Amino acid sequence: MSAVEALEDRTLLSTFTVNTTADTVDVDPGDGVAEDSNGDTSLRAAVMEADGLAGQEVEIVLPGGTYVLGGALHFNAGANVSLVGESATTSIIDGGGVDRVAVVHGQATAHFESMTIRNGVTQGRGGGILNRGDLTVVSVQISNNVSGQDGGGIAVEAGDLTIHSSAIVSNNVGSGSSQGRAIAALMVSASVRLYDTTVSGNGDYGSQGGGAAISAFSDSSIEILSSTITHNSGNGLAANSGAVFMSNSLFAGNNAVDIDGNVDSGGGNLIGVWDANQFSVLAPSDQAGSNGSPLDPMLGPLQDNGGPTPTHALLAGSPAIDAGRSYGATTTDQRGIARPQDGNGDGTAAVDIGAYEWIENAPPTLDEIAAPEPITESSGQQTISLAGITGGIGES
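Keep in mind the model is a prediction, meaning the values are calculated, not measured.

Colleague: What is the right way to read the sheet that holds strand E7 (residues 102-104) from this model?
Modeller: The strands making up a sheet associate through hydrogen bonds between their backbones, and the pairing can be parallel or antiparallel. Taken in spatial order, the eight strands of this open sheet run E4-E7-E10-E13-E17-E20-E23-E26, and their pairing is parallel. Edge positions in the open sheet fall to strand E4 (73-75) and strand E26 (259-260), since each of these has one partner strand only.

This is the structure we're talking about:
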């Protein structure tokens, strides 16, 4: 192959930087320029242009701001798009309560990073995102989305979904038969991998709504690693007819049995309420409570504990501290804190269960400060002696 032929076959990267919060369309998709009729690059214009450049890798840079949409963003077949915001607290894509926020169609590849996706609404599946392609979600908060059917936050009808370092919170479903208040994997070709992520506060819409925060159907597959699923209405997880593997994850404090159905446990899990009639055999390293004696994971409230997205901190004395399995463990928690840490102070570092790695916070002690001579304008340079200061390990 000649150098010219190699150059022609090379996939080129195009970058579009959004410079307006207006929801305007691209005037000529596929011309290599993402601009509306005013010459501005809107989020929608950039996505439309990326679709028009099918086969090319496209990066869309989304600065801080609130981008209210008048309809869903569509990532169509052939698209290969990375949509990268400033942070989950500053780059906000708002569905405006009129449609879901995004659809990733079959044979499309999308990467969403450092943003919030909120206020999507649909009568169908996937209030925030409907995925049929290959989607990766990193450091994203998906919140306050509503679907009439399955998948209040995200519905996966086909393809692959990978989520990490993210928070899926306060999403809803709108009918009693709907499943997956946060995430629903629906078809045999649907695959979900969730790690270092918090799923919290997802509940029904109004007086209706049912099912678990995470649901697997029709021989779909879900893998849950080092994640925290808590404070959701209904079950934390419903395996239904899907295949679920979980390891080093925390399921507790949900409003029903925390896990419903058979799952494959890799060990190192904490289950607040385990019903032997609804769950497969526990691994030796799993911890579980019962309806009569729930296991309290000792969690703090959902809040900013550092890192890109909100977490539930483990509190001192939590049974999740240093109780995970090292085999297959993730190397950082949701906040980016390195695993493992010696959280219980026994001299051996071990991974914690869930999305949060606890660090013992021993405050510094000040034994003595040697007082210097009083400093005046004529004193010149003075030396201050500090002795006996012992630094503790700060919580990150």
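Back to the write-up after that little detour.
Colleague: What is the right way to read empty space enclosed by the protein from this model?
Modeller: The gaps left among the atoms become clear once a water-sized probe is rolled over them. Overall, the coordinates contain one cavity of 30 Å³ or more when judged by the stated rule. Lining the largest cavity are Leu73, Phe75, Leu83, Ile93, Val101, Ala102, Phe112 and Ile117. Elements represented by at least two residues in the lining of the largest cavity include exactly E4 and strand E8 (109-118). The class makeup of the residues in the lining of the largest cavity is eight nonpolar, no polar and no charged.

Colleague: Hey, could you run me through the pattern of salt bridges in this one?
Modeller: Two side chains with opposite charge may pair up if their charged atoms get near one another. Throughout the structure, instances matching the rule amount to nine salt bridges. We note a salt bridge from Arg132 to Glu157, for which the minimum N-O separation is 2.7 Å. Of this pair, Arg132 sits in the loop between strand E10 (129-131) and strand E11 (134-143) while Glu157 sits in the loop between strand E13 (154-156) and strand E14 (159-164), and the two are 25 residues apart along the sequence. With a relative accessible area of 16%, Glu157 lands in the buried category.

Colleague: For this particular structure, what's the right way to read the sheet that holds strand E12 (residues 146-147)?
Modeller: Spatially, the three strands line up as an open sheet ordered E9-E12-E16, and their pairing is parallel. Looking at strand neighbours, the two that pair on one side only are strand E9 (121-122) and strand E16 (172-173), the edges of this open sheet. By the bridge criterion, two bridges tie E9 to E12 in an arrangement that is parallel. By the bridge assignment, Val121 is partnered in E12 with Val146.

About the cut-offs
Residues numbered from 1 in each chain as written. Predicted model: local features only at pLDDT ≥ 70, side-chain atom pairs only at ≥ 80, totals over all residues. Heavy atoms only, no water. Pairing = 2+ DSSP bridges. Helix = DSSP H or I, 4+ residues; strand = E, 2+ residues; numbered from the N terminus. 1 Å grid on protein atoms, 1.4 Å probe; cavity = no way out; pocket = protein on both sides within 12 Å on 5 of 7 lines; lining within 4 Å. Points joined across faces, edges and corners; volume = space filled by probe spheres on them. Nonpolar A, V, L, I, M, F, W, Y, C, P; charged D, E, K, R; others polar. Salt bridge = Lys/Arg side-chain N within 4 Å of Asp/Glu carboxyl O. Buried < 20%, exposed > 50% of the residue type's maximum accessible area, 1.4 Å probe, protein only.

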